[in-house]
Amino acid sequence: MPQMSKVELYAAIRRDHRSGMKMRELERKYNVSWRTVKKAVDSVWPEPRKKLLPRPTALDPYKPVIDEMLRTDLDAPRKQRHTITRIFHRLVEEHSADVSYQMVRRYVSDRKPEILAASGKAPMEAFVPQSHLPGHEAEVDFGDVTVRLAGELVTCYLFSLRLSYSGKAVHRVFASCGQEAFFEGHVYALRTLGGAGPRSATTTSSRPSPGCWG
């Protein structure tokens, strides 16, 4: 079984559980513990890893000083804002700090976005949730593959159709990625899947134009 991320694993376990597979069957299929199966069935997202407490560093006494510089920069003209190099030199020259440039760079890289967000001046982020109805949508694409034919390496094209709801996919290798292969790949995939659902449509990310299921 190919390596999956934890999110993909949870989604696959839930999908199989909805189709009727028992907990013990899921354990064997995905080679995971009963606890993992239970968590996947009960929760959409894996539990986040617990963050380890940061270790004390020589920079700790100067972090409030850096924070104040970064807060001052929020209202300063762009050319007057602190660079990481300038922050480092100010710590050494004004505070006799015994710290490294890399230590300052890492802290500023992490802390600057947090201060910007806390100020309310950070750009708003928007997320559009994706939802797919069973049998309504699929994604289609071609990818290059190299196969050995009669002792020679030949470049062929892998047609892939993936159902958006279930994630089930059908693949077939063609000698070209033209329109004929595009249509033939759809026919093969739909026969394999047992037909097309209502108002079904496919989208492509390369080469052929998007097509529709009959």
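Residues numbered from 1 in each chain as written. Predicted model: local features only at pLDDT ≥ 70, side-chain atom pairs only at ≥ 80, totals over all residues. Heavy atoms only, no water.

1. Some thoughts on the overall build of the chain
In step 1: Summing up its helical and strand segments, the chain has seven helices and four strands in all.
In step 2: Of the accessible surface of the chain, which amounts to about 15600 Å², a share of 54% is contributed by carbon and sulfur atoms. (Helix = DSSP H or I, 4+ residues; strand = E, 2+ residues; numbered from the N terminus. Areas by Shrake-Rupley, 256 points an atom, 1.4 Å probe, with all protein chains shown as cover.)

2. Concerning the packing of aromatic side chains
In step 1: On inspection of all chains with the given rule, the structure shows four aromatic pairs.
In step 2: Aromatic pair Phe88 and Tyr101: ring centres 5.9 Å apart, planes at 85 degrees, arrangement edge-to-face. Residue Phe88 is located in helix 5 (residues 84-95), and its partner Tyr101 is located in helix 6 (residues 101-119); the two are separated by 13 residues in the primary sequence.
In step 3: Taking the relative accessible area as the measure of exposure, Tyr101 reaches 30% and is therefore partly exposed.
In step 4: With a centroid separation of 5.6 Å and an interplanar angle of 70 degrees, the aromatic rings of Phe142 and Phe159 are classed as edge-to-face. (Phe/Tyr/Trp six-rings, centres within 6.5 Å; stacked < 30°, edge-to-face > 60°. Buried < 20%, exposed > 50% of the residue type's maximum accessible area, 1.4 Å probe, protein only.)

3. Quick word on the pattern of salt bridges
In step 1: Tallied over the entire structure, the rule returns seven salt bridges.
In step 2: The shortest N-O distance in the salt bridge between Lys38 and Asp42 comes to 2.4 Å. Here Asp42 and Lys38 lie together in helix 3 (residues 34-42), a separation of four residues that amounts to about one turn.
In step 3: Since its relative accessible area comes to 33%, Lys38 is described here as partly exposed.
In step 4: Residue classification places Asp42 among the exposed residues on the basis of a relative accessible area of 53%.
In step 5: Between Glu114 and Arg111 there is a salt bridge, with its nearest N and O atoms 3.1 Å apart. Taken as a pair, Glu114 and Arg111 lie in helix 6 at a separation of three residues, close to a single helical turn.
In step 6: Assessed through its relative accessible area of 45%, Glu114 is described here as partly exposed.
In step 7: Beyond isolated ion pairs, a larger network of salt bridges with shared partners links Asp67, Arg111 and Glu114. (Salt bridge = Lys/Arg side-chain N within 4 Å of Asp/Glu carboxyl O.)

4. Some words on the packing of helix 2 (residues 23-30) against helix 3
In step 1: Where helix 2 meets helix 3, the axes come as close as 9 Å, and the angle between the chain directions of the two elements is 110 degrees. In this view, helix 2 runs roughly perpendicular relative to helix 3, as classed from their interaxial angle. Classified by chirality, the crossing of helix 3 by helix 2 is right-handed. Contacts between helix 2 and helix 3 involve Met23, Arg24, Leu26 and Glu27 from the first element and Trp34, Val37, Lys38 and Val41 from the second.
In step 2: Of the residues in the contact of helix 2 with helix 3, the class split is five nonpolar, no polar and three charged. (Axes fitted to C-alpha atoms, helices over the stretch in contact; angles between N-to-C directions. Parallel < 35°, antiparallel > 145°, perpendicular 65-115°, else oblique. Left-handed = near helix turned anticlockwise from the far one by under 90°. Contact = heavy atoms within 4.5 Å. Nonpolar A, V, L, I, M, F, W, Y, C, P; charged D, E, K, R; others polar.)

5. Details of the packing of helix 5 against helix 6
In step 1: Two elements in contact, helix 5 and helix 6, have axes whose closest approach is 10 Å; the angle formed by their N-to-C orientations is 125 degrees. Taken together, the axis directions place helix 5 and helix 6 in an arrangement best described as oblique. Crossing hand, helix 5 versus helix 6: right-handed. Only Tyr101, Val104, Arg105 and Val108 of helix 6 make contact with helix 5, whose side of the interface consists of Ile84, Thr85, Ile87, Phe88 and Leu91.
In step 2: A per-class count over the contact of helix 5 with helix 6 returns seven nonpolar, one polar and one charged.

6. Brief notes about helix 2
In step 1: Turning to helix 2, its buried residues are Leu26, Glu27 and Tyr30. Seen end-on, helix 2 carries its buried residues on one side only, within an arc spanning 105 degrees. Along helix 2, exposed side chains directed more than 90 degrees from the buried face belong to Arg24 and Arg28.
In step 2: Contacts from the buried residues of helix 2 go to helix 1 (6-18) and helix 3.
In step 3: Phi for Asn31, located one or two positions after helix 2, is positive at around 55 degrees. (Arc of directions from axis to C-beta.)

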